[in-house]
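# Observations on the three-dimensional arrangement
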2 protein chains.
Amino acid sequence: MDLYIGLDLGGSFLKYALGDDRGTLLTDGVRQSRAQSAAEDIFNNIFLAVEKLLEAALIHNGAVKGIGIGSPGVIDAERGTLLGQSPNLPHWADIEIAPTIERKFGVPAFADNDANIMTIAEMELGAGKGFRNAICLTVGTGIGGGLFIDGKLFRGSEYAGSELGHIVIESDGLPCPCGGRGCLEQYASAPAILRLYGEALAEEGRRVDGDLDVKDIFEKLTTGDNAAKKAIDRASEYLGVGIASLVNALNPEVIIIGGGVSNAGSVYIEKVAKIAHERAMANASKNLQVRKAEMGNQAGVIGALLYARKRIEQRETLN
Amino acid sequence: MDLYIGLDLGGSFLKYALGDDRGTLLTDGVRQSRAQSAAEDIFNNIFLAVEKLLEAALIHNGAVKGIGIGSPGVIDAERGTLLGQSPNLPHWADIEIAPTIERKFGVPAFADNDANIMTIAEMELGAGKGFRNAICLTVGTGIGGGLFIDGKLFRGSEYAGSELGHIVIESDGLPCPCGGRGCLEQYASAPAILRLYGEALAEEGRRVDGDLDVKDIFEKLTTGDNAAKKAIDRASEYLGVGIASLVNALNPEVIIIGGGVSNAGSVYIEKVAKIAHERAMANASKNLQVRKAEMGNQAGVIGALLYARKRIEQRETLN
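Note that the structure is predicted; figures quoted are calculated from it, not measured.

Calculation criteria
Residues numbered from 1 in each chain as written. Chains lettered and ligands numbered in written order. Predicted model: local features only at pLDDT ≥ 70, side-chain atom pairs only at ≥ 80, totals over all residues. Heavy atoms only, no water. Helix = DSSP H or I, 4+ residues; strand = E, 2+ residues; numbered from the N terminus. Rg over C-alpha atoms; globule rule 2.2 N^0.38 Å. Buried < 20%, exposed > 50% of the residue type's maximum accessible area, 1.4 Å probe, protein only. Contact = heavy atoms within 4.5 Å. Areas by Shrake-Rupley, 256 points an atom, 1.4 Å probe, with all protein chains shown as cover. Lys, Arg positive; Asp, Glu negative; His and termini not counted. Charge placed at Lys NZ, Arg CZ, Asp CG, Glu CD. Pairing = 2+ DSSP bridges. Axes fitted to C-alpha atoms, helices over the stretch in contact; angles between N-to-C directions. 1 Å grid on protein atoms, 1.4 Å probe; cavity = no way out; pocket = protein on both sides within 12 Å on 5 of 7 lines; lining within 4 Å. Points joined across faces, edges and corners; volume = space filled by probe spheres on them. Least-squares fit on C-alpha atoms with pLDDT ≥ 70 in both. Buried area = accessible area lost by both parts, 1.4 Å probe. Salt bridge = Lys/Arg side-chain N within 4 Å of Asp/Glu carboxyl O. Polar contact = N/O pair within 3.5 Å; in protein donor to acceptor, adjacent residues only side chain to side chain. Parallel < 35°, antiparallel > 145°, perpendicular 65-115°, else oblique. Left-handed = near helix turned anticlockwise from the far one by under 90°. Nonpolar A, V, L, I, M, F, W, Y, C, P; charged D, E, K, R; others polar. Arc of directions from axis to C-beta. Core = buried A, V, L, I, M, F, W, Y, C linked by side-chain atoms within 4.5 Å. Disulfide = S-S within 2.5 Å.

## Remarks on the overall build of chain A
Each helix and strand in chain A was counted, giving ten helices and 14 strands. Rg of the C-alpha trace for chain A: 20 Å, near the compact-globule value of 20 Å for 319 residues, within the 12% margin. Along the three orthogonal principal directions, the C-alpha set of chain A runs to about 60 × 45 × 35 Å. Here chain A holds 319 residues, and the buried ones make up 58% of them. Counting only contacts in chain A whose residues sit at least 6 apart along the sequence, the fraction spanning at least 24 positions is 63%. Summing over all exposed atoms, chain A offers an accessible surface of approximately 12900 Å²; the carbon and sulfur share of this is 48%. Distance between charge centroids for chain A: 3 Å, based on 32 positive and 41 negative side chains.

Right under this line is the structure:
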């Protein structure tokens with residue numbers, strides 16, 4: 001049996017999984033990602049995960065044909081190397097991600113940007129199945145983006161394409177760590193919802209009570225908390241406007257919304273979809289679907305192993 | 001000699017030209033476009049232009065192999081038909097543009113959106129030569145957009161793609177005839193520059209004196225008119241921000257700026273380029289070029305005849 005390893009390196013966790021060529025997982029696990037450590041430590045941590053999975057493959061009488069890994073940052077997908085600095089991993093900069101893993105295990109390895117990898121998972125097995133033109137937004141601590149054009153993942157001319165959290169929706173808006181101002185991420189990410197909630201409370205002369213996360217705010221919405229309603233209305237308005245902007249520019253068939261914030265439930269997605277339809281041009285949005293991502297927490301590892309399979313298939317086709 | 005006809009239907013003029021397979025023009029002309037007339041009148045006007053060019057082809061001992069036409073609106077490029085209403089031409093809606101021309105003359109005809117056609121001209125012969133990933137913006141009465149991805153014109157899932165004048169740069173901004181709000185077109189087109197000039201004058205307690213067009217405002221800039229400077233600074237800031245947003249989303253190699261406003265000269269393009277670089281993410285913009293369109297007033301007819309040639313070549317390859 002042909003097996004593949006999928007790795008999903010994030011700011012908090014390293015997720016890893018072993019699966020077959022259809023993305024069905026045989027075993028999976030999670031480790032701390034050691035995001036603050038030196039690159040060597042991050043690699044050693046990855047190696048431990050891969051070793052575990054290679055052992056598991058033996059038990060399943062399978063051969064691991066490829067390893068895929070998603071990482072934050074701009075990644076030269078052809079060579080599997082990180083270009084420049086990765087956000088959230090301070091020592092993860094200009095790293096030969098895939099080549100290092102490939103040398104260590106003698107198994108072909110492939111790396112790509114984490115949002116791209118998640119988009120691959122959604123397009124092959126999730127909410128994007130059957131579509132050829134799609135925009136995937138992962139709304140969490142930041143807003144990541146993936147773009148499928150004519151059935152192919154779009155990467156831009158230097159692998160820096162589809163930073164869709166950094167489209168500008170307020171020309172003179174809030175500064176963004178990306179160096180710009182007024183980026184969508186500053187208005188619709190999880191931290192943005194928390195900020196908007198604080199602002200809405202302040203408008204009512206109230207203050208934030210204790211440590212909150214976005215989940216708490218969505219819960220408050222169900223108990224009729226007016227400030228929570230205001231914050232979520234505003235954030236969904238911003239996200240809907242950002243989507244309308246992308247729809248006018250790219251006329252996709254489907255927008256897929258994933259990430260932590262999308263778990264808030266269907267009310268949120270419906271709000272966002274309504275605004276996107278109101279604000280986008282009729283011609284570009286008349287058949288537009290706005291869907292919740294379906295692959296959940298395992299999108300990263302499943303996308304990574306599907307990506308490894310796809311790259312190996314391409315090699316075989318070319319030879 | 002193989003010849004092609006290029007037609008460029010606009011809100012004011014119908015431009016027409018006869019050229020060879022490299023886009024070199026043998027003869028060309030302009031007529032009123034009869035934009036307010038019934039579709040039949042617009043077609044009769046087009047037919048007169050084509051007849052003239054067919055006669056010219058005989059004189060050049062050439063055979064007209066194809067006719068290309070650019071028109072405002074969303075066009076099903078496969079069939080050459082206009083989908084829905086064209087802006088500026090009230091009776092030009094749901095029209096079989098290319099099929100009607102083809103039936104009349106027995107020559108293969110092809111239609112596409114005018115901004116797409118201009119993009120084709122720039123990519124083959126103008127500022128986009130040698131690039132595979134490019135964004136073309138035509139800044140005039142409106143802002144049109146064309147997108148080349150991986151060497152191919154991008155049209156979106158329903159031919160409504162790349163309405164780049166309608167990316168949103170002010171989430172709660174000015175209403176736009178497109179049905180949205182805060183579109184780039186409302187802040188950086190020729191009418192927007194006029195509005196910004198009026199606002200800048202008002203800030204100084206002055207008023208617009210007589211009928212002005214954008215050219216006048218760029219002229220006032222050279223005479224040290226402070227309000228003109230403010231208006232153009234603001235419009236170029238907006239355009240630069242819009243470009244930064246597109247660069248973050250699409251990581252193109254080059255941005256090509258055409259249309260009436262781009263004729264204002266290199267100072268304007270340089271201002272816009274500076275802001276785009278400041279506001280875009282470093283990874284996505286480090287090698288970005290911002291260029292003035294090179295094809296000038298004939299971009300439409302040249303693009304249209306190159307498009308006809310390309311479509312006919314594709315047919316011949318497939319058969």
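## Focus: the sheet that holds strand β3 (residues 25–32) of chain B
Residue and element names in this part refer to chain B. The mixed open sheet is built from five strands, whose spatial order is β3-β2-β1-β4-β9. If you trace the sheet from one side to the other, it starts and ends with β3 and β9 (109–113), each paired once. Strand after strand, the sheet turns through a mean of 15° between neighbouring axes, direction not considered. Relative to β3, strand β2 (residues 13–20) runs antiparallel, the two sharing seven bridges. Of the residues in β3, the one forming a bridge with Lys-15 is Val-30. Strands in contact with helix α2 (residues 97–105) are β1 (2–9), β4 (63–71) and β9; relative to β9, the strand with the most contacts, it is inclined by about 160°. Against the sheet, helix α3 (residues 114–125) touches β4 and β9, its axis set at about 100° to β9.

## Things to note about empty space enclosed by the protein
Summed over all chains, the structure comprises three cavities of 30 Å³ or more. The calculated volume of the largest cavity comes to roughly 70 Å³. Taken together, Ile-167, Ser-245, Leu-246, Ala-249 and Leu-250 of chain A together with Ile-167, Ser-245, Leu-246, Ala-249 and Leu-250 of chain B make up the full set of residues lining the largest cavity. Where the lining of the largest cavity is concerned, the elements lending two or more residues are α7 (226–250) of chain A together with α7 (226–250) of chain B.

## What to know about the relation of the copies chain A and chain B
Expressed as a screw operation, the relation of chain A to chain B combines 0.0 Å of axial shift with a rotation of 180°, fitting to an RMSD of 0.0 Å. Taken together, these values place the two copies in the relation of a two-fold axis. In this assembly the copies share their binding face: 100% of the residues contributing to the interface of chain A also contribute to that of chain B.

## Digging into the interface of chain A and chain B
Reports of interface size often rely on the accessible area that becomes lost once the parts have come together. Counting residues at the interface gives 45 residues for chain A, matched by 45 residues for chain B. Counting the surface lost from both chain A and chain B, the interface buries some 3600 Å², and carbon and sulfur atoms represent 48% of this. Across the salt bridge formed by Asp-150 of chain A and Lys-152 of chain B, the nearest N and O atoms sit 3.7 Å from each other. The interface formed by chain A and chain B holds 26 residue pairs in polar contact (both at pLDDT 80 or more) in total. Those elements that place two or more of their residues in the side of chain A that touches chain B are β11 (143–149), α7, α8 (266–279) and α9 (282–285) of chain A.

## A word on the packing of helix α5 (residues 190–203) of chain A against α7 of chain A
All names here are of chain A. Running from N to C, α5 and α7 cross one another at 135°; their axes reach a closest spacing of 8 Å. The angle between α5 and α7 places the two elements in the oblique class. Along this stretch, α5 crosses α7, giving a crossing that reads as right-handed. Residues Ile-193, Leu-196, Tyr-197, Ala-200, Leu-201 and Glu-203 of α5 form the contact with α7, whose own contacting residues are Ala-227, Ala-228, Lys-230, Ala-231, Ile-232, Arg-234, Ala-235 and Tyr-238. A breakdown of the residues in the contact of α5 with α7 according to their chemical character gives eleven nonpolar, no polar and three charged.

## Observations regarding helix α6 (residues 214–222) of chain B
Residues and elements named next belong to chain B. Within α6, burial applies to Val-214, Ile-217 and Phe-218. Relative to the axis of α6, the buried residues are bounded by an arc of 100° and lie together on one face. Residues of α6 that are exposed and angled more than 90 degrees away from the buried face: Lys-215 and Thr-222. Of the surrounding secondary structure, the elements contacted by the buried residues of α6 are α5 (190–203), α7 and α8 (266–279). Positive phi appears at Gly-224, one or two residues downstream of α6, with a value of about 80°.

## Points about the nonpolar core
Core analysis: the biggest nonpolar cluster contains 102 residues, and Leu-137 and Leu-239 of chain A together with Leu-137 and Leu-239 of chain B have the highest contact counts within it. Excluding anything up to four places from it in sequence, Leu-137 of chain A contacts Ile-143, Gly-144, Leu-164, Leu-239, Ile-243, Leu-246, Ile-255, Ile-256, Ile-257 and Gly-258 of chain A.

## Comments concerning the environment of Ala-39 of chain A
Relative to the helices and strands, Ala-39 of chain A is located in helix α1 (residues 39–59). When near neighbours in sequence (up to four residues on either side) are disregarded, Ala-39 of chain A contacts His-91, Trp-92 and Ile-95 of chain A.

## Things to note about helix α2 (residues 97–105) of chain A
Within α2 of chain A, burial applies to Ile-97, Ala-98, Pro-99, Thr-100, Ile-101 and Phe-105 of chain A. Gly-106 of chain A, located one to two residues past α2 of chain A, shows a positive phi value of around 65°.

## A few points about unusual backbone geometry
Residues and elements named next belong to chain B. The phi torsion at Arg-34 lies on the positive side, around 55°, for a residue other than glycine. Mapped onto the fold, Arg-34 is located in the loop between β3 and α1 (39–59). Within the chain, Asn-251 stands out as a residue other than glycine whose phi angle is a positive 45°. Relative to the elements of secondary structure, Asn-251 occurs in the loop between α7 and β13 (254–258). Asn-251 gets classed as buried once you look at its relative accessible area, which sits at 0%.

## Notes on the state of the cysteines
This structure, assessed with the given rule, holds zero disulfides over all chains. Of all cysteine sulfurs in the structure, the one in Cys-178 of chain A sits closest to Cys-176 of chain A, which takes part in no disulfide; the separation is 3.7 Å. Its sulfur unpaired, Cys-183 of chain B is 3.7 Å from the next cysteine sulfur, which belongs to Cys-178 of chain B.

## Re the sheet that holds strand β4 (residues 63–71) of chain A
Residues and elements named next belong to chain A. With mixed pairing, the five strands of this open sheet are ordered in space as β3-β2-β1-β4-β9. The open sheet has two free edges, formed respectively by β3 (25–32) and β9 (109–113), since each of these has just one partner strand. Sheet twist, expressed as the mean angle between neighbouring strand axes with direction ignored, is 15°. With five bridges joining them, β4 and β9 adopt parallel strand pairing. By the bridge assignment for β9, Ile-69 is matched with Ala-111. Across the sheet, α1 touches β1 (2–9), β2 (13–20), β3 and β4, and the angle it forms with β2 is around 25°. Relative to β9, helix α3 (residues 114–125) is tilted by about 100°, and along the sheet it contacts β4 and β9.

## Some remarks on the pattern of salt bridges
Under the criterion given, the structure shown has 38 salt bridges over all chains. Two residues, Glu-316 of chain B and Lys-65 of chain B, come together in a salt bridge whose shortest N-O distance is 3.1 Å. Here Lys-65 of chain B lies in strand β4 and Glu-316 of chain B lies in helix α10 (residues 299–318), a separation of 251 residues in the sequence. Residue classification places Glu-316 of chain B among the partly exposed positions, given a relative accessible area of 48%. One continuous salt-bridge network, built from bridges that share partners, spans Asp-2, Lys-65 and Glu-316 of chain A.

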